[in-house]
Every structure is written in structure tokens, then in C-alpha cells.
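The lines below spell out each chain.
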Amino acid sequence: DGGITQSPKYLFRKEGQNVTLSCEQNLNHDAMYWYRQDPGQGLRLIYYSQIVNDFQKGDIAEGYSVSREKKESFPLTVTSAQKNPTAFYLCASSTSGHTGELFFGEGSRLTVL
Amino acid sequence: AQSVAQPEDQVNVAEGNPLTVKCTYSVSGNPYLFWYVQYPNRGLQFLLKYITGDNLVKGSYGFEAEFNKSQTSFHLKKPSALVSDSALYFCAVRDTGAGSYQLTFGKGTKLSVIP
């Protein structure tokens with residue numbers, strides 16, 4: 001089945017540690033996205049990539065980094081510079097162009113202890 | 001800049017009654033509009049979208065939405081609510097005049113269908 005796989009589902013880290021969240025898609029989509037979800041705040045865009053080897057900052061990119069070396073993969077690193085990293089992180093992909101809807105993974109819940 | 005507003009944090013409706021979840025938007029060009037549903041601790045599932053054409057869009061699970069350009073609204077509707085419709089609903093917009101694929105989401109509306 002085609003889809004988006006995020007891992008791990010749950011992750012705990014200590015303050016000061018970097019952590020990388022994995023996102024893989026087999027939908028052959030060009031565009032990929034990372035969103036952060038906090039209660040009552042909806043989804044906020046962290047980074048997005050429209051094509052391999054290119055990505056742009058979203059609204060809340062500070063303290064995060066990404067790479068897009070392969071079409072299928074768009075990992076997100078939450079660095080120690082992110083002041084409040086505890087959140088639910090959602091990865092998504094879409095076809096190129098403005099009309100395509102986003103397909104979402106099941107999310108990764110990061111808790112900083 | 002593109003933006004979306006969902007004016008109600010929560011909507012309660014009795015099972016079998018019609019439901020409406022409201023959404024208004026702001027864009028510089030033409031809007032592409034989307035509705036998604038999220039169940040607890042899950043990702044978002046696509047329900048329907050408006051790109052162009054008929055203002056009434058039909059989607060998954062019996063949901064539909066009406067695009068109203070003059071009121072800049074895209075309200076989600078269903079004629080008869082089910083308890084299983086209880087979830088968090090998100091409206092989203094993509095601005096054709098923005099030159100990017102960025103999709104902006106509202107803050108979500110929690111729908112509770114009461115048996």
C-alpha cells in the first residue's frame with residue numbers, strides 16, 4: 001500500500017539532545033512537509049520541500065533542520081536550540097502544483113524530559 | 001499572506017441532526033480550499049477540496065462543503081451526524097497567488113456528536 005511512514009511513533013529525549021524524526025513516502029510525490037501540532041494552535045509549518053535537494057523554511061523553522069537527499073525521504077532534526085520541542089509532529093506529501101491535497105503520516109509525539 | 005479562521009473551537013450536535021463546521025479564509029489570489037479530519041493521536045485524513053467549478057463539493061463519509069466567494073467561506077456540512085463523526089476538523093487554504101505550495105491550516109474545530 002502507498003503511504004507515508006513516520007518513525008518513531010513516540011520519542012523521549014533529555015534537554016540538550018538533538019533528535020531526528022524519520023519520514024518516508026512511496027507515493028512518488030515531489031513535495032514534502034513537516035508540521036508541528038500543539039493543542040489549540042492547529043498545524044504550523046516548519047519546513048517544506050518542493051523538489052529533491054531543495055527546501056524552504058516555514059513559519060516556525062527556528063531550532064529545526066531538514067534534508068531532502070532522496071525523493072522518498074524528508075527527515076526532521078529537532079535541535080537543542082528549539083526552546084519548546086515537546087509536540088506532535090506530522091509529515092505530509094503532495095503532488096506538485098497547487099491543486100494536490102496533502103497526505104499525512106500518523107505522526108511522531110516528542111516529549112522532552 | 002494567506003490565512004484561515006475557524007471561529008468555533010467546539011461544535012456539539014445531536015446524532016441524526018445536520019452539522020456545520022465553519023471556515024473563512026483570506027488570500028491574495030484565488031483560493032484552493034481543503035477539509036481534513038483528525039482522530040486522537042492520528043494523522044490528518046483528507047475529506048474534500050474545492051479547486052474550481054461547482055461551489056458545492058462532495059467528499060468522503062457523506063460530508064460536503066459550500067464555497068462562497070463573496071463571504072470568503074468554505075463551511076463543512078453533513079445532513080445527518082453520526083457519533084463516529086466526533087473528531088477534530090481542520091480547514092486549510094492554498095493561495096494561487098502566493099507562488100508556493102504552502103498550505104495554511106486553521107486551528108481546528110472539535111466536533112462532538114451526542115448520542
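Q: Which parts of the structure should I look at to understand the environment of E101 of chain A?
A: When you line up the elements, E101 of chain A lands in the loop between β9 (87-94) and β10 (103-104). If we skip the residues at most four places from it in the chain, E101 of chain A touches S93 and S94 of chain A together with F34, Y36, F46 and K49 of chain B. A distance of 2.8 Å separates a polar atom in the side chain of E101 of chain A from a polar atom in the side chain of K49 of chain B.

Q: In this structure, what is going on with a nonpolar patch on the surface? I would like to understand it.
A: Residues and elements named next belong to chain A. A cluster of nonpolar side chains, Y10, F12 and L113, forms an exposed patch at the surface whose accessible area comes to about 380 Å². Here Y10 is to be found in strand β2 (residues 10-13). Taking the relative accessible area as the measure of exposure, Y10 reaches 48% and is therefore partly exposed.

Q: What is the right way to read the side chain of S108 of chain A from this model?
A: Considering the arrangement of structural elements, one finds S108 of chain A in strand β11 (residues 108-112). Within polar-contact distance, the side chain of S108 of chain A engages the backbone oxygen of P8 of chain A at 2.6 Å.

Q: What's the story with the nonpolar core in this structure? I'm lost.
A: Side chains of nonpolar character tend, in soluble globular proteins, to be buried together. All names here are of chain B. Counting residues in hydrophobic clusters, the biggest one holds 26 residues, and the most contacted among them are W35, L47, L48, F74, L76 and Y89. Looking at this core, the elements that each hand over two or more residues are β2 (10-14), β3 (19-21), β5 (31-38), β6 (44-50), β8 (64-68), β9 (73-78), β10 (87-95) and β12 (109-114). Top element by residues in this core is β10. It accounts for 4 residues.

Q: Would you take a moment to explain the sheet that holds strand β8 (residues 76-78) of chain A for this structure?
A: Hydrogen bonding along the main chain pairs the strands of a sheet, whether they run parallel or antiparallel. Residues and elements named next belong to chain A. Pairing is antiparallel across the open sheet formed by 4 strands, whose spatial order is β1-β3-β8-β7. Either end of the sheet is taken by a strand with one partner, and the two such strands are β1 (4-7) and β7 (64-66). Mean inter-strand twist for the sheet, computed between neighbouring axes without regard to direction, equals 20°. Pairing analysis gives 4 bridges linking β1 to strand β3 (residues 19-25), with the strands arranged antiparallel. The residue of β3 that forms the bridge with T5 is E24.

Basis of the calculations
Residues numbered from 1 in each chain as written. Chains lettered and ligands numbered in written order. Predicted model: local features only at pLDDT ≥ 70, side-chain atom pairs only at ≥ 80, totals over all residues. Heavy atoms only, no water. Helix = DSSP H or I, 4+ residues; strand = E, 2+ residues; numbered from the N terminus. Contact = heavy atoms within 4.5 Å. Polar contact = N/O pair within 3.5 Å; in protein donor to acceptor, adjacent residues only side chain to side chain. Patch = residues over 30% accessible without salt bridge, like charges linked within 9 Å, V, L, I, M, F, W, Y side chains within 5 Å. Areas by Shrake-Rupley, 256 points an atom, 1.4 Å probe, with all protein chains shown as cover. Salt bridge = Lys/Arg side-chain N within 4 Å of Asp/Glu carboxyl O. Buried < 20%, exposed > 50% of the residue type's maximum accessible area, 1.4 Å probe, protein only. Core = buried A, V, L, I, M, F, W, Y, C linked by side-chain atoms within 4.5 Å. Pairing = 2+ DSSP bridges. Axes fitted to C-alpha atoms, helices over the stretch in contact; angles between N-to-C directions.

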